[in-house]
Amino acid sequence: MLLVALRLLQGLALGGEYGGAATYVAEHSRPGERGYATSWIQTTATLGFFLALFVIGACMFYLFDAKAFAEWGWRIPFLGFALPAHLLCLHPAQAHESPIWAKMKEEGKASKSPLIDSFFRRPNNKYVLLALLGATAGQGVVWYTGQFYALFFLTITLKVDLLLAYAMVGVSLLIGTPFFVIFGWLSDKIGRLKIILAGCLIAAVTYIPLFQMLAVS
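**Q** Report on the overall build of the protein chain, specifying residues and quantitative values.
**A** From N to C terminus, the protein chain includes 10 helices and 0 strands. Secondary structure elements of the protein chain, listed N to C terminal, follow the sequence α-α-α-α-α-α-α-α-α-α. Seen along its three principal axes, the alpha-carbon backbone of the protein chain occupies a region of about 60 × 40 × 30 Å. Long-range pairs, those at least 24 residues apart, make up 68% of the contacts in the protein chain between residues at least 6 apart in sequence. Summing over all exposed atoms, the protein chain offers an accessible surface of approximately 15,800 Å²; the carbon and sulfur share of this is 73%. Taken together, the 16 basic and 11 acidic charged side chains of the protein chain have centroids lying 8 Å from each other.

**Q** Which residues make up the packing of helix H2 (residues 34–63) against helix H8 (residues 124–157), and what are the values?
**A** Each pair of packed helices can be described by the angle between their axes along with the distance between the axes. Two elements in contact, H2 and H8, have axes separated by 12 Å at closest approach and are oriented at 0°. Looking at the two axes, H2 sits roughly parallel to H8. Residues Gln-42, Ala-45, Thr-46, Phe-49 and Leu-53 of H2 touch H8, and the partners they reach there are Trp-143, Gln-147, Phe-148 and Leu-151. Split by residue class, the contact of H2 with H8 holds 6 nonpolar, 3 polar and no charged.

**Q** Any details on the pattern of salt bridges? Residues and values, ideally.
**A** Counted according to the given criterion, the structure contains 2 salt bridges. The shortest N-O distance in the salt bridge between Glu-33 and Arg-30 comes to 3.1 Å. You can call Arg-30 exposed: its relative accessible area is 58%. In this structure, Asp-188 and Arg-192 form a salt bridge, with 3.0 Å as the shortest nitrogen-oxygen distance.

**Q** Can you break down the packing of aromatic side chains residue by residue, with the values?
**A** If you walk through the whole model with that rule in mind, you get 13 aromatic pairs. Ring centres of Phe-153 and Phe-211 lie 5.1 Å apart, and the angle between their planes is 90°; this geometry places the pair in the edge-to-face category. Within this pair, whereas Phe-153 is found in helix H8, its partner Phe-211 is found in helix H10 (residues 192–216), the two being separated by 58 residues in sequence. Each member of the pair Phe-153 and Phe-211 is classed as buried. Relative to Phe-211, the ring of Tyr-207 has its centre 6.2 Å away and its plane inclined at 90°; by these criteria the two rings are edge-to-face. Here Phe-211 and Tyr-207 lie together in helix H10, a separation of 4 residues that amounts to about one turn. Site record: aromatic cluster; members linked through ring pairs are Phe-49, Trp-143, Tyr-144 and Phe-148.

**Q** How would you summarise a nonpolar patch on the surface if you had to cite specific residues and measurements?
**A** Where nonpolar side chains cluster on the molecular surface, the patch consists of Leu-115, Ile-116, Phe-119, Phe-120, Leu-129, Leu-132 and Leu-133 and spans about 790 Å² of accessible area. Looking at the nonpolar patch, the elements that each hand over two or more residues are helix H7 (114–119) and H8. Residue position: Phe-120 is located in the loop between H7 and H8. Here Phe-120 falls in the exposed class, since its relative accessible area comes to 64%.

**Q** Tell me what's going on with unusual backbone geometry, and back it up with residues and numbers.
**A** In the Ramachandran plot, Lys-159 falls in the positive-phi region, its phi being about 60° despite a non-glycine side chain. Of note, Lys-159 is situated in the loop between H8 and helix H9 (162–190).

**Q** Quick one: what's the story with the side chain of Ser-39, residue by residue and with numbers?
**A** Note that Ser-39 resides in helix H2. The exposure class assigned to Ser-39 is buried, which follows from its relative accessible area of 7%. What Ser-39 contacts, discounting residues up to four positions off in sequence, is Phe-180, Val-181 and Gly-184.

**Q** Any details on the side chain of Asn-125? Residues and values, ideally.
**A** The topology assignment puts Asn-125 in helix H8. Beyond its immediate sequence surroundings of up to four residues, Asn-125 is in contact with Ser-118, Phe-119 and Phe-120.

**Q** Give a description of H9 that names residues and reports values.
**A** In an α-helix there are 3.6 residues to a turn, and that puts residues three or four apart on one side. Helix length check: H9, at 29 residues, gives a terminal C-alpha distance of 41 Å against a target of 42 Å (1.5 Å per residue), a fit within 8%. The set of residues buried in H9 consists of Ala-165, Tyr-166, Val-169, Gly-170, Leu-173, Thr-177, Val-181, Gly-184, Ser-187 and Asp-188. Here H9 starts with a cap whose side-chain oxygen sits 3.2 Å from the backbone nitrogen of Leu-163, and that cap is Asp-161. At the exit of H9 stands Gly-191, carrying a positive phi of roughly 110°.

**Q** Outline the environment of Ala-203, supporting the account with residue identities and numerical values.
**A** Positionally, Ala-203 belongs in helix H10. The class of Ala-203 is buried, set by a relative accessible area of 7%. The sequence separation of Ala-203 and Trp-143 amounts to 60 residues, and the corresponding C-alpha distance is 9.6 Å.

Here is what the cut-offs are and how they apply
- Residues numbered from 1 in each chain as written.
- Predicted model: local features only at pLDDT ≥ 70, side-chain atom pairs only at ≥ 80, totals over all residues.
- Heavy atoms only, no water.
- Helix = DSSP H or I, 4+ residues; strand = E, 2+ residues; numbered from the N terminus.
- Contact = heavy atoms within 4.5 Å.
- Areas by Shrake-Rupley, 256 points an atom, 1.4 Å probe, with all protein chains shown as cover.
- Lys, Arg positive; Asp, Glu negative; His and termini not counted.
- Charge placed at Lys NZ, Arg CZ, Asp CG, Glu CD.
- Axes fitted to C-alpha atoms, helices over the stretch in contact; angles between N-to-C directions.
- Parallel < 35°, antiparallel > 145°, perpendicular 65-115°, else oblique.
- Nonpolar A, V, L, I, M, F, W, Y, C, P; charged D, E, K, R; others polar.
- Salt bridge = Lys/Arg side-chain N within 4 Å of Asp/Glu carboxyl O.
- Buried < 20%, exposed > 50% of the residue type's maximum accessible area, 1.4 Å probe, protein only.
- Phe/Tyr/Trp six-rings, centres within 6.5 Å; stacked < 30°, edge-to-face > 60°.
- Patch = residues over 30% accessible without salt bridge, like charges linked within 9 Å, V, L, I, M, F, W, Y side chains within 5 Å.
- Expected span 1.5 Å × (residues − 1).
- Polar contact = N/O pair within 3.5 Å; in protein donor to acceptor, adjacent residues only side chain to side chain.

Structure below.
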């Protein structure tokens, strides 16, 4: 129960940090390069997943036997990342405000009640709902299905050997990561809405056949 509760808190914190980082980078980006600049943030999520697979795989298959890992070895990755996580939490507090935010604050345009203005006043609440239930929800399904659920599908449903499944997903992550930057750059040229809708449509059409192909192979 404690582990699940901590994981939920981690997810909430990650959501806040990710959105804040994307906004911060977007406000510092050069004109016409906002998609390219913020695309690098998305690569960190996928590379983080790859690093987690590497560390857990090393612990499971090389550092401990199955019994030791199940009893106490699974705690080692958590302890190992405690110090880097602490340092990463300290870094944003030392960052300077973006020029856009500083100018808004100087002109007195900053909201005094951002939660109320965002969720309970028109037309801001409409844009928030569109972002949450539209773009963000669709991208969340695509990303988690293509990466996390793919691993669970291989190991739990298809009973693929853990080491082979970790290797397959890890290689796929390395192949797919550069495309975040490519399509981020392309979004600056043709528009972000087209990229988002095309990605969601491709996933909706191909995910079931792709998972069926995994099951057959």
